[in-house]
Amino acid sequence: MSDERKIRILVAKPGLDGHDRGAKVIAAAFRDAGFEVIYTGLHQTPEMIVAAAVQEDVDVVAMSILSGAHMTLFPRVRALLLDAGVDHVLLTGGGIIPEDDAKALEAQGVGRLFGPGTSTADAIAYVREWFASRPAV
Amino acid sequence: MSTIEKDVAGPQLAELVRRREEELAELRARLAAWEAACDESPERDHPFSTVSGREVRALYTPLDRLGAPSYEDAIGFPGEFPFTRGPYATMYRTRLWTMRQFAGFATAEETNARYKYLLEHGQTGLSVAFDFPTLMGYDSDHPRSLGEVGVCGVAISSLADMETLFDGIPLDQVSVSMTINGPAVILFCFYVVAAEKQGFRSEILRGTVQNDILKEYQAQHAWIFPPEPALRCIEDMFAWCSGNAPKYNPISISGYHIREAGATAAQELAFTLRNGLEYVERGIARGLEVDAFAPRLSFFFDVHNDFFEEIAKLRAARRIWARALRERFGARNPESWRLRTHAQTAGVSLTAQQPENNIVRVAYQAMAAALGGTQSLHTNSMDETLALPTEKAVRIALRTQQVLAYESGVANTIDPLAGSYYVESLTDDLEREALELFQEIDALGGVVPAIEQGWFQKEIAASAMRQQIEVESGDRVVVGVNHFTEGSGDIEIDTLRIDPSVEQRQRQRMADVRARRDDAEVARTLDALAEACTGDDNVVPRILDCARAYCTLYEIRHAMEGVFGSYKEPVFF
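All values reported here derive from a predicted model rather than from experimental measurement. (Residues numbered from 1 in each chain as written. Chains lettered and ligands numbered in written order. Predicted model: local features only at pLDDT ≥ 70, side-chain atom pairs only at ≥ 80, totals over all residues.)

### As for the overall build of chain A
Applicable threshold: Put simply, DSSP marks the helices as runs of H or I at least four residues long and the strands as runs of E at least two long, and each gets a number from the N terminus on. Partly exposed residues are those whose C-beta has more than 12 but fewer than 20 other C-beta atoms within 10 Å; 20 or more makes a residue buried and 12 or fewer makes it exposed, with C-beta atoms placed from the backbone. Throughout, a pair of residues is in contact if the C-beta atoms placed from their backbones lie within 7 Å.
A tally of regular secondary structure across chain A gives five helices and five strands. Traced from its N-terminal end to its C-terminal end, chain A shows the element sequence β-α-β-α-β-α-β-α-β-α. When its C-alpha atoms are laid out on the principal axes, chain A stretches across 40 × 35 × 25 Å. For chain A, the proportion of its 137 residues judged to be buried stands at 50%. Nonlocal contacts in chain A, meaning residues at least 24 apart in sequence, comprise 73% of its contacts between residues at least 6 apart.

### Structural notes on the overall build of chain B
For the record, the criterion: Each radius of gyration is computed over the set of C-alpha atoms, and the globule rule expresses the reference value as 2.2 Å times the number of residues to the power 0.38.
Secondary structure assignment for chain B yields 23 helices and ten strands. Against the 2.2 N^0.38 benchmark of 25 Å for 573 residues, chain B shows a C-alpha radius of gyration of 25 Å, consistent with a compact globule. Across its three principal axes, chain B shows a C-alpha extent of roughly 85 × 60 × 45 Å. Counting every position in chain B, which comprises 573 residues, the buried fraction comes to 50%. For chain B, the proportion of contacts with a sequence separation of at least 24, taken over those separated by at least 6, is 77%.

### Some remarks on the pairing of strand S2 (residues 36–39) of chain A
This is how the line gets drawn: The handedness rule is simple: strands pointing away from the viewer, and a clockwise path from the first strand over the helix to the second, make the crossover right-handed.
Alternating positions in S2 of chain A separate cleanly, Val 37 and Tyr 39 of chain A being buried on one face and Glu 36 and Ile 38 of chain A remaining unburied on the opposite face. Following the chain from strand S1 (residues 8–12) of chain A across helix H1 (residues 21–32) of chain A to the adjacent parallel S2 of chain A, one finds a crossover that is right-handed.

### Some words on the interface of chain A and chain B
For clarity, the threshold we go by: Under the scheme applied, nonpolar residues are Ala, Val, Leu, Ile, Met, Phe, Trp, Tyr, Cys and Pro; charged residues are Asp, Glu, Lys and Arg; polar residues are all the others, including Gly.
Taken together, the contact pairs 27 residues of chain A with 31 residues of chain B. Elements with a contribution of two residues or more to the side of chain A that touches chain B: H1, helix H3 (70–83) and helix H5 (120–133) of chain A. Looking at the side of chain A that touches chain B element by element, the count peaks at five residues for H1 of chain A. Here the residues of the side of chain A that touches chain B are counted per class, giving twelve nonpolar, eleven polar and four charged.

### Points about the nonpolar core
Operational definition: The term nonpolar core refers to a group of buried residues, namely Ala, Val, Leu, Ile, Met, Phe, Trp, Tyr and Cys, whose C-beta atoms join them within 7 Å. For the purposes of this description, domain bounds are those given by an automatic or database domain assignment.
In this structure, Ile 9 and Val 61 of chain A together with Cys 189, Phe 190 and Ile 543 of chain B are the most contacted members of the largest nonpolar core, which totals 195 residues. Broken down by element, the residue count for this core peaks at twelve residues, all from helix H7 (residues 184–197) of chain B. Summarising the domain contributions, this core has at least three residues from each of domain 2 (71–80 + 91–443 + 453–473) and domain 3 (504–564) of chain B. Look past the residues within four positions of Phe 190 of chain B in its chain and what remains in contact with it is Ile 156, Leu 159, Met 162 and Ala 547 of chain B.

### Some points on the sheet that holds strand S7 (residues 251–254) of chain B
All names here are of chain B. Worth spelling out the cut-off: Each pair of strands is called paired provided DSSP finds at least two bridges between the two strands.
Spatially, the five strands line up as an open sheet ordered S1-S10-S9-S8-S7, and their pairing is parallel. Pairing within the sheet leaves two strands with one partner each, and these edge strands are strand S1 (98–99) and S7. Bridge count between S7 and strand S8 (residues 297–303): four bridges; the pairing is parallel. For Ser 252, the partnering residue across the bridge sits in S8 and is Ser 298.

### Concerning the domain arrangement of chain B
Think of interface size as the accessible area that goes away when the parts come together; that is how it is often given. Along its sequence, chain B is organised into domain 1 (1–42), domain 2 (71–80 + 91–443 + 453–473) and domain 3 (504–564). Centre-to-centre, using C-alpha coordinates, domain 1 of chain B lies 69 Å away from domain 3 of chain B.

### Some thoughts on the pairing of S1 of chain A
Each regular strand shows side chains that alternate between the opposite faces of the sheet. All names here are of chain A. Of all the five residues making up S1, four are buried; the element is thus mostly covered by neighbouring parts of the structure. By the bridge criterion, four bridges tie S1 to S2 in an arrangement that is parallel. From the neighbouring strand, Val 11 faces S2, where its bridge partner is Tyr 39. Pairing analysis gives four bridges linking S1 to strand S3 (residues 60–65), with the strands arranged parallel. By the bridge assignment for S3, Val 11 is matched with Ala 62.

### Quick notes on the sheet that holds S2 of chain A
Residues and elements named next belong to chain A. Formally: The axes used here are C-alpha line fits, helices contributing only the stretch in contact, and every angle between their N-to-C directions lies in the interval 0 to 180 degrees.
One open sheet accounts for five strands, arranged S2-S1-S3-S4-S5; its pairing is parallel. Single-partner strands in this sheet number two, and they are S2 and strand S5 (113–114). Pairing between S3 and strand S4 (residues 90–95): six bridges, direction parallel. Bridge pairing in S4 places Met 63 opposite Gly 93. Helix-sheet contacts for H1 involve S1, S2, S3 and S4, and the interaxial angle to S2 is about 160 degrees.

### Comments concerning helix H23 (residues 553–564) of chain B
Residue and element names in this part refer to chain B. In plain terms, the rule: Expected span, for any helix, means 1.5 Å times one less than how many residues it has.
The end-to-end C-alpha separation of H23 is 16 Å, in line with the 16 Å expected for twelve residues at 1.5 Å each. Contacts made by the buried residues of H23 are with helix H5 (132–135), H7, helix H9 (227–244), helix H21 (519–534) and helix H22 (539–548). Following H23 by one or two positions, Gly 565 has its phi on the positive side, about 80 degrees.

### Focus on the packing of helix H11 (residues 265–285) of chain B against helix H13 (residues 307–328) of chain B
All names here are of chain B. Counted only if it meets this: Oblique is the label for any angle not under 35 degrees, not over 145, and not in the 65 to 115 range, which are roughly parallel, roughly antiparallel and roughly perpendicular in turn. Whether a crossing is left-handed or right-handed is set by the direction in which the near helix is turned from the far one by less than a right angle, anticlockwise for left-handed and clockwise for right-handed.
With their axes 10 Å apart at the nearest point, H11 and H13 run at an angle of 25 degrees to one another. One element, H11, and the other, H13, form an angle in the roughly parallel class. Where H11 crosses over H13, the two elements pack in a sense that is right-handed. Residues Ala 265, Leu 269, Leu 273, Gly 276 and Leu 277 of H11 lie in contact with H13, whose contacting residues are Glu 309, Glu 310, Lys 313, Ala 316, Ala 317, Ile 320, Trp 321 and Ala 324. Grouping the amino acids of the contact of H11 with H13 by side-chain chemistry returns nine nonpolar, one polar and three charged.

### Comments concerning the confidence of the model for chain B
The predicted coordinates should not be examined in detail at positions where pLDDT is low. For clarity, the cut-off: A residue's pLDDT is simply how confident the predictor is in it, with values from 0 to 100.
Chain-level pLDDT for chain B is 94 on average; 98% of the residues reach the 70-or-more range. The complex prediction reports pTM at 0.93, with the ipTM value standing at 0.89.

### Section: unusual backbone geometry
All names here are of chain B. Look at the link from Phe 81 to Pro 82: it is a cis peptide, with omega at 0 degrees. Here Pro 82 shows up in the loop between helix H3 (71–74) and S1. One non-glycine residue, Met 91, adopts positive backbone phi at about 45 degrees. Relative to the helices and strands, Met 91 is located in the loop between H3 and S1. In this structure Met 91 comes out as buried when scored by C-beta crowding, with 21 C-beta atoms within 10 Å. Phi angles above zero are rare outside glycine, and Phe 484 is one such case at about 55 degrees. Here Phe 484 is to be found in the loop between helix H19 (455–473) and helix H20 (501–516).

### As for the confidence of the model for chain A
When pLDDT is averaged across chain A, the result is 93; 96% of the residues are at 70 or more. No element of chain A has a lower mean pLDDT than helix H4 (residues 99–107) of chain A, at 94, and none a higher one than S1 of chain A, at 98.

### As for H20 of chain B
Between its first and last C-alpha atoms H20 of chain B spans 23 Å; for 16 residues at 1.5 Å apiece the expected length is 22 Å, and the two agree. Packing partners of the buried residues in H20 of chain B comprise helix H6 (159–165) of chain B.

### Structural notes on the environment of Glu 260 of chain B
Residue and element names in this part refer to chain B. Of note, Glu 260 is situated in helix H10 (residues 256–260). The class for Glu 260 is buried, based on 22 C-beta atoms found within 10 Å. Aside from chain neighbours lying at most four places away, what touches Glu 260 is Asp 302, Gly 347 and Val 348.

Printed below as a string of structure tokens:
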């Protein structure tokens, strides 16, 4: 792994939800696992998140949503990423997201979404696997 | 000087001391012998520590409290200084805790129906959960509200919504708690005017508005203005309520969110009480008499998994508060010394895996809250890690409190764990740790400078990370998550879905309000408010005028923000 470049991940808190315990734990766990982590801070609009993703040239956008607004925010961020010509970035995340909603979002091109009780190791392994098998850009 | 010392002459006293020393020596010897015998039975491979990481010994004895102050000084009687045994003399013998379930979703109409349902099922108070746009001061038709209207609470964008929320619920009889902070003063004014429209004067209103902005910067993050103007609004509310709403609690100083964000029990206790002391200092600096507002300060604590630690935390909280108010601030009125609290079981302890197990977790936590002497209680519903709770899940949560209150017997006698060597030791330890943390905060320059330095936020995040590592390593057992996981994959309970038409209906309600009102009056009241914000006038009467004119939440926020500015958080992880 040492010859590979670090994976760059944007940990984002979209919408008005202030619950950042999970986002901060995830950001710290990815950093400790050797990732390059950028954390947006709270109350970000989809536009702000996409602008940060472009500017920071990240590989992964991971959004934490506990407010129930996931069915609006994930598709919106995905659409804005595509509008910005960013189609090689993994959009993933976690929070209070019912299984049916997670499936519906996956069908729209969003990556895996992690629910309560997820171990950070599982999330890290998922992103590593995605990165290893992603199409060349 | 104790009665014994006064009554006993020199030689007799020496004899008493000698006998006491003999007894202690005997006790120490017995303890050592018992410990030696225990070596033959090796302990299980298990971390004997609380969920906060506090080491717990196998046994506690009178030897653990040898240096402690006397019963009279440290424990005393319920309803008497220092209130360790409870804020009221007769506690649940006179009146059980208020069973107050936090509820709110969709529009004011749907939530109004849920409130009536809860009241019909024996709930004795109401507690309003607002949606995120409302918590942040945005109207339902503001672009930033997209996708969040009515989703995890009720959408209240003007007086009109507040009137609908309490339609048919007499506000002279039901006490209402509102969880709102950044725009608390605005929602409070909507509430006062809604009661006014029902024909009730503010003087008779009972209830609470959370209004604790310090813990928002520290943990919960629903802020609008920077600390100084936000604190000024809180002082305005203290002043206005002490003259106009003497039965209303203008603040609920909250540890709940600090704990849920990751803090330990000791951090929750210390940060919450230190915030409380900050509000007292601010009120006094504002020129208020401490006894004019301190009696209406109320509290809100989390009740987490560790049964005894949580009980001790509530007992320690009352003792620390009573001493600080009497000794540090010179409060003379015992009402100022008396810490009254709401409690809620720990949302963060609920698991998405095997959610029915949460009923059991909540029941134990609720029992700790009752044994800790809470004045009101919310019990979480089993499905809250999945979505907002269904009616069935809420009913079970409420029934849990009723079984506790009427069947378990814990409400029969007051503070039954007093005198337990373990519980009293824990109470002393938590008190000492909280006082040490007070010193750390003071060394940083006080609460606001520590917030600006991100100190609270970093301390809380570090504790959260430590707990996550414990759970992931399997050291901290979470049933159904990292142990006993068979069947954890199948979730077989119904969850509540918010109808997507809510946002559209709420936008229509907003359009109706805007069409109906007198625009000149809206402009006039908003201008008057901005002027009050610029100067020193109390903002409450001006916001009441805005509410009466049906100015919306965001319009009022915007007028204030023009003067006060907005808060920018220090970002880190």
